[in-house]
Amino acid sequence: MTPYLSFVVAARNDNYGGNFLHRMQVFVNALLSLWDKHGLNAELVIVEWNPPKDRSRLEDALAWPKCLKPGTVRIVEVPSDIHYRFPNSDRMPMFEYIAKNVGIRRAKGEYVLATNPDLLYSEALVRFLASRRLAKDCFYRIDRYDVVESVPLDLPPEEQLRFCGRHVIKVATIDGTVPIQKFPYRVRRLVHSLLSSPRKILVRAEKPSPSEPRLHTNASGDFFLMARQHWHEVRGYPELKSHSFIDGYACFLATALGLQQVVLKTPLRIYHQEHDRSEHTKRPLTNYQQYLEHGKRMLEPGRLEVLNGEDWGLGYEQLPECWIRP
């Protein structure tokens, strides 16, 4: 049966950000458990980019939960020899958005969600996705709630989510990132209480004007969802050989395509397990001003720019795949 939704993540077993396997194990356990609980017809596509030769492959490094159903999780490998064809490959062990394009191109779902392997999805969000209420003429974004404490692995997902709700330190919103930890304790308790309260589920944003786009580009690499056909129309993320701001291009491309932005709100939520980012300083950056100006130009009438060629997502490569078996 064709999945309704494909989750696409890029990863490698290199301890990125510290304690990486723990964070990814939390992600896998919670996601698959909540899929099973709420009947979400989905697949998880993991793109293992340039796997380190001295470490186990993710297939063996992760413990796969008993609720895993056949044909729902597969790993696509991008070998090291392909990685080293790219400029800056000596400075970037993984090209995250090219890797995501590999998964997006090979995804089978009616809708495709490009996301990251250190997140937890709220039950309300999984329930919403399982309800099949997505619209083809929209793309979907969401605020990201950052959690500073390590999420305990031995808790069931429902308790992990309650733990996350108590340990939020900042929220990446459409208006910028809002720190919570700087407020007095009583104020933080009130904020966490509000974050845990059922509120409006959907906010449909105004369609942005070319002169002043109001797009939720903040942390868009953690959650960007639209129909698979539209991902193929824009040919995925721009395949730049740099590190930053590439995720925001998806918002500009989808809007230029004529789709309407929908920002999902509380109680629909993603929690991000915080980690060290010091190695980002070694990677080549995308010029922010050029990215912003380019994005605004894309929103001018008739200016949809498809930035990748027909081989986007390593489309001409025969890449090894394996299905994870229960």
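Above this text you will find the structure in question.
Residues numbered from 1 in each chain as written. Predicted model: local features only at pLDDT ≥ 70, side-chain atom pairs only at ≥ 80, totals over all residues. Heavy atoms only, no water.

Trainee: I tried to follow the overall build of the chain on my own but got confused; where do I start?
Mentor: Secondary structure assignment for the chain yields 10 helices and 14 strands. Considering the chain as a whole, with its 326 residues, one finds that 54% of them fall into the buried category. A separation of at least 24 residues holds for 85% of the contacts in the chain among residues at least 6 apart in sequence. Just so you have it, the chain exposes about 14600 Å², and 49% of that area is on carbon and sulfur atoms. (Helix = DSSP H or I, 4+ residues; strand = E, 2+ residues; numbered from the N terminus. Buried < 20%, exposed > 50% of the residue type's maximum accessible area, 1.4 Å probe, protein only. Contact = heavy atoms within 4.5 Å. Areas by Shrake-Rupley, 256 points an atom, 1.4 Å probe, with all protein chains shown as cover.)

Trainee: In this structure, what is going on with the nonpolar core? I would like to understand it.
Mentor: Across soluble globular proteins, nonpolar side chains have a tendency to be buried as a group. Judged by nonpolar contacts, the single largest core of 57 residues is most densely connected at Phe-7, Tyr-121 and Phe-223. In contact with Phe-7, not counting residues within four places along its chain, are Leu-31, Trp-35, Leu-40, Ala-42, Glu-43, Leu-44, Val-45, Leu-113, Thr-115, Tyr-121 and Leu-129. Judged by nonpolar contacts, the second largest core, of 41 residues, contains Ile-104, Ala-107, Leu-215 and Tyr-237. (Core = buried A, V, L, I, M, F, W, Y, C linked by side-chain atoms within 4.5 Å.)

Trainee: Is there a simple way to explain the packing of helix α9 (residues 246-256) against helix α10 (residues 288-298) in this structure?
Mentor: How two helices sit against one another is set out by the angle between their axes and by the gap between those axes. It is at 9 Å that the axes of α9 and α10 come closest, and there the two elements cross at 15 degrees. Taken together, α9 and α10 sit at an angle that is classed as roughly parallel. Between α9 and α10 lies a crossing whose hand is left-handed. Residue-level inspection shows Gly-248, Tyr-249, Phe-252, Leu-253 and Ala-256 of α9 in contact with α10, the latter providing Tyr-291, Leu-292, His-294, Gly-295, Lys-296 and Met-298. For the contact of α9 with α10, the per-class residue count stands at seven nonpolar, three polar and one charged. (Axes fitted to C-alpha atoms, helices over the stretch in contact; angles between N-to-C directions. Parallel < 35°, antiparallel > 145°, perpendicular 65-115°, else oblique. Left-handed = near helix turned anticlockwise from the far one by under 90°. Nonpolar A, V, L, I, M, F, W, Y, C, P; charged D, E, K, R; others polar.)

Trainee: Mind showing me how you'd approach helix α1 (residues 20-38) here?
Mentor: Side chains of residues three or four places apart in an α-helix project in the same direction, reflecting 3.6 residues per turn. Its 19 residues give α1 an end-to-end C-alpha distance of 27 Å, which sits within 8% of 27 Å, the value for a rise of 1.5 Å per residue. By the criterion of burial, α1 is predominantly enclosed, with 14 of the 19 residues buried. Gly-39 sits one or two residues past α1 and shows a positive phi near 65 degrees. (Expected span 1.5 Å × (residues − 1).)

Trainee: When you look at the packing of aromatic side chains in this model, what are you seeing that I'm missing?
Mentor: The geometry of an aromatic ring pair is captured by two quantities: the separation of the ring centres and the angle between the planes. Taken as a whole, this structure holds 17 aromatic pairs when the rule is applied. Here a set of aromatic residues connected by ring pairs shows up, and it is made of Tyr-97, Phe-139, Phe-224, Trp-231 and Tyr-237. Positioned over the ring face of Tyr-145 is Arg-269, at 5.4 Å from the centre of the ring. (Phe/Tyr/Trp six-rings, centres within 6.5 Å; stacked < 30°, edge-to-face > 60°. Lys NZ or Arg CZ within 6 Å of the ring centre and 35° of its normal.)

Trainee: Quick question: what am I supposed to make of the pattern of salt bridges here?
Mentor: Pairing between side chains of opposite charge can happen when their charged atoms approach one another. What the rule picks out here adds up to 18 salt bridges. The partner of Arg-74 in a salt bridge is Glu-43, and the shortest N-O contact between them spans 3.3 Å. In this pair, Arg-74 sits in strand β3 (residues 73-78) while Glu-43 sits in strand β2 (residues 42-49), placing the two residues 31 residues apart along the sequence. Taking the shortest distance from any N to any O, the salt bridge between Arg-85 and Glu-317 comes out at 2.7 Å. Of this pair, Arg-85 sits in the loop between α3 (80-83) and α4 (96-106) while Glu-317 sits in the loop between α10 and β14 (321-323), and the two are 232 residues apart along the sequence. Here Arg-85 falls in the exposed class, since its relative accessible area comes to 53%. (Salt bridge = Lys/Arg side-chain N within 4 Å of Asp/Glu carboxyl O.)

So far we have only geometry, and geometry alone does not tell us how the molecule works.
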